[in-house]
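Descriptive analysis of the structure
Here is what each chain is made of, one letter per residue.
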Amino acid sequence: MSKTKISIVPTSNETILKFEADRFLTDHNSFEFNNIDDAKHSPLAQQLFYLPFVKKVYIASNFVAIERYNIVEWKDVQDEVAEQIESYLSNDGIVVTEEAIKPKAAVTVYAESTPNPSVLKFVCNKVLVPNLYEFTSIEEAKPSPLATELFQFPFVKNVYMEKNFISITKFDIIEWEEITLQLREFLKSYVEEGKTILNDDAPQKLNKTEEAIEKKFEALDDTSKNIVNILEEYVKPAVASDGGNIEFRSYDENTKKVEVLLQGACSGCPSSTFTLKSGIENMLKEMLNDEAITVNAING
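Note that the coordinates shown come from a computational prediction; the quantities given were computed from them, not determined experimentally.

1. A look at unusual backbone geometry
Not every positive phi belongs to a glycine, and K163 is a case in point at roughly 50°. Within the element layout of this structure, K163 appears in the loop between β9 (156-162) and β10 (165-170). Notably, K256 is not glycine yet its phi reads approximately 60°, a positive angle. Among the secondary structure elements, K256 is positioned in the loop between β11 (244-252) and β12 (257-264).

Here it is, written out as structure tokens:
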């Protein structure tokens, strides 16, 4: 029996509250239950439906979301619900039974080139991880059995995971033509066999829970928050399509210097550092109405 910690996370819908666990609850599957009969394959959801205000129960990789009827306010019952879920999980209660797991769909993995000649993006037709993770060595990769196995290949230099794709950086000792098929088949087989991609405690250990991310954001000053929002809305989608990521690191109010971290395919790319730096710099100057802003891009 291991202690499970539950964090309460508000959503944009005031009737729905998320109860986020510090470990994975399902094998990257999601479930929605509309009533107690609908939840026959989820003992956890059935228990929650005994609460008179519970309207719907959603169970995903690392959280339980509950939609309430308007007979109560969340502030009056949320702590008791969190405690109930925490107690149930800590006592090794069953979240969903084998019957609830949907039939396995065929897994497809295809390779995409990126602007960085040293990086190839492998895209899967299913979600692999709930957040982005980057590992630059086999030591760093301990929270991810998949990344650990990838580092067994002598040509793998860096592993970057986000949602449904993995970007792999290779050493220059070999050409992609010689290893692409091998890596694609390895990843396809690994996912099809249902092997562990991330350990249950990886989000907590790597400070990647939603609560930790939100807490980090709230600690920023107003200008930094604006910069983060601009990056999220205007820059990250384009960068992600190329198999990489850009992450805000810091903003110095005195020097007006912004520091961003380039990850995945963007890291070490011959063109991205200059292109992103100049592009982001111009965007921030215009959107924040401050010509003194400069951007320093560093490789992850």
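2. Section: the sheet that holds strand β6 (residues 109-113)
The five strands are arranged β6-β7-β10-β9-β8 in an open sheet whose pairing can be described as antiparallel. A single partner strand is all that each edge strand has here, and the edge strands are β6 and β8 (132-135). Ignoring strand direction, the axes of neighbouring strands in this sheet form an average angle of 20°. Note that β6 and strand β7 (residues 119-124) share five bridges and pair antiparallel. Paired with E112 across the two strands is K121, which belongs to β7. Packing of helix α4 (residues 176-192) onto the sheet brings it into contact with β6, β7 and β10, and relative to β7 it is tilted by some 30°.

3. Focus on α4
Taking 1.5 Å per residue, 17 residues should reach 24 Å; α4 reaches 23 Å between its end C-alpha atoms and fits that length. Of the surrounding secondary structure, the elements contacted by the buried residues of α4 are β6, β7, α3 (145-150) and β10. After α4 finishes, the residue G194 shows a positive phi value of roughly 70°.

4. Comments concerning the environment of N125
Mapped onto the fold, N125 is located in the loop between β7 and β8. Counting along the chain gives 40 residues from N125 to F165, while the straight-line C-alpha distance between them is 8.7 Å. Ignoring anything within four residues of it in the chain, the contact list for N125 reads A106, V107 and T108. Within the structure, the side chain of N125 is placed 3.0 Å from the backbone nitrogen of T108, a separation counted as a polar contact.

5. So, the pattern of salt bridges
All chains considered together, the criterion is met by 13 salt bridges. Note that E67 and K55 form a salt bridge whose closest N and O atoms lie 3.8 Å from each other. In this pair, E67 sits in strand β5 (residues 63-68) while K55 sits in strand β4 (residues 54-59), placing the two residues 12 residues apart along the sequence. Measuring nitrogen to oxygen at the nearest pair gives 3.8 Å for the salt bridge that ties K121 to E112.

6. Describing the sheet that holds strand β1 (residues 6-10)
Taken together, the five strands give an open sheet; going across it, the order is β1-β2-β5-β4-β3, and neighbouring strands pair in antiparallel fashion. The open sheet has two free edges, formed respectively by β1 and β3 (31-33), since each of these has just one partner strand. Taken over all neighbouring pairs, the strand axes of this sheet differ in orientation by 20° on average, direction set aside. Bridge count for strand β2 (residues 16-21) against β5 is five bridges, and the pairing is antiparallel. Paired with F19 across the strands is V64, a residue of β5. Packing of helix α2 (residues 74-90) onto the sheet brings it into contact with β1, β2 and β5, and relative to β2 it is tilted by some 30°.

7. Notes on the packing of aromatic side chains
Counted under the stated rule, the structure contains seven aromatic pairs. Seen from their ring centres, F19 and W74 are 5.9 Å apart, and the 65° between their planes marks the pair as edge-to-face. Of this pair, F19 sits in strand β2 while W74 sits in helix α2, and the two are 55 residues apart along the sequence. Its relative accessible area of 5% is what places W74 among the buried residues. Taking the centre distance of 5.4 Å and the plane angle of 80° together, the rings of F153 and F186 count as edge-to-face. Taken together, the residues F153 in the loop between α3 and β9 and F186 in helix α4 connect sequence positions 33 residues apart.

8. Quick word on the UniProt feature "domain: Scaffold protein Nfu/NifU N-terminal" (unreviewed entry) in the protein chain
Under the feature "domain: Scaffold protein Nfu/NifU N-terminal" (unreviewed entry), the UniProt entry names residues 6-92 and 109-194. The span residues 109-194 shows a helical share of 27% and a strand share of 33%, and its end C-alpha atoms are spaced 14 Å apart.

Scoring rules and cut-offs
- Residues numbered from 1 in each chain as written.
- Predicted model: local features only at pLDDT ≥ 70, side-chain atom pairs only at ≥ 80, totals over all residues.
- Heavy atoms only, no water.
- Helix = DSSP H or I, 4+ residues; strand = E, 2+ residues; numbered from the N terminus.
- Pairing = 2+ DSSP bridges.
- Axes fitted to C-alpha atoms, helices over the stretch in contact; angles between N-to-C directions.
- Contact = heavy atoms within 4.5 Å.
- Expected span 1.5 Å × (residues − 1).
- Polar contact = N/O pair within 3.5 Å; in protein donor to acceptor, adjacent residues only side chain to side chain.
- Salt bridge = Lys/Arg side-chain N within 4 Å of Asp/Glu carboxyl O.
- Phe/Tyr/Trp six-rings, centres within 6.5 Å; stacked < 30°, edge-to-face > 60°.
- Buried < 20%, exposed > 50% of the residue type's maximum accessible area, 1.4 Å probe, protein only.
- UniProt positions renumbered as here; feature names shortened; annotations may be inferred.

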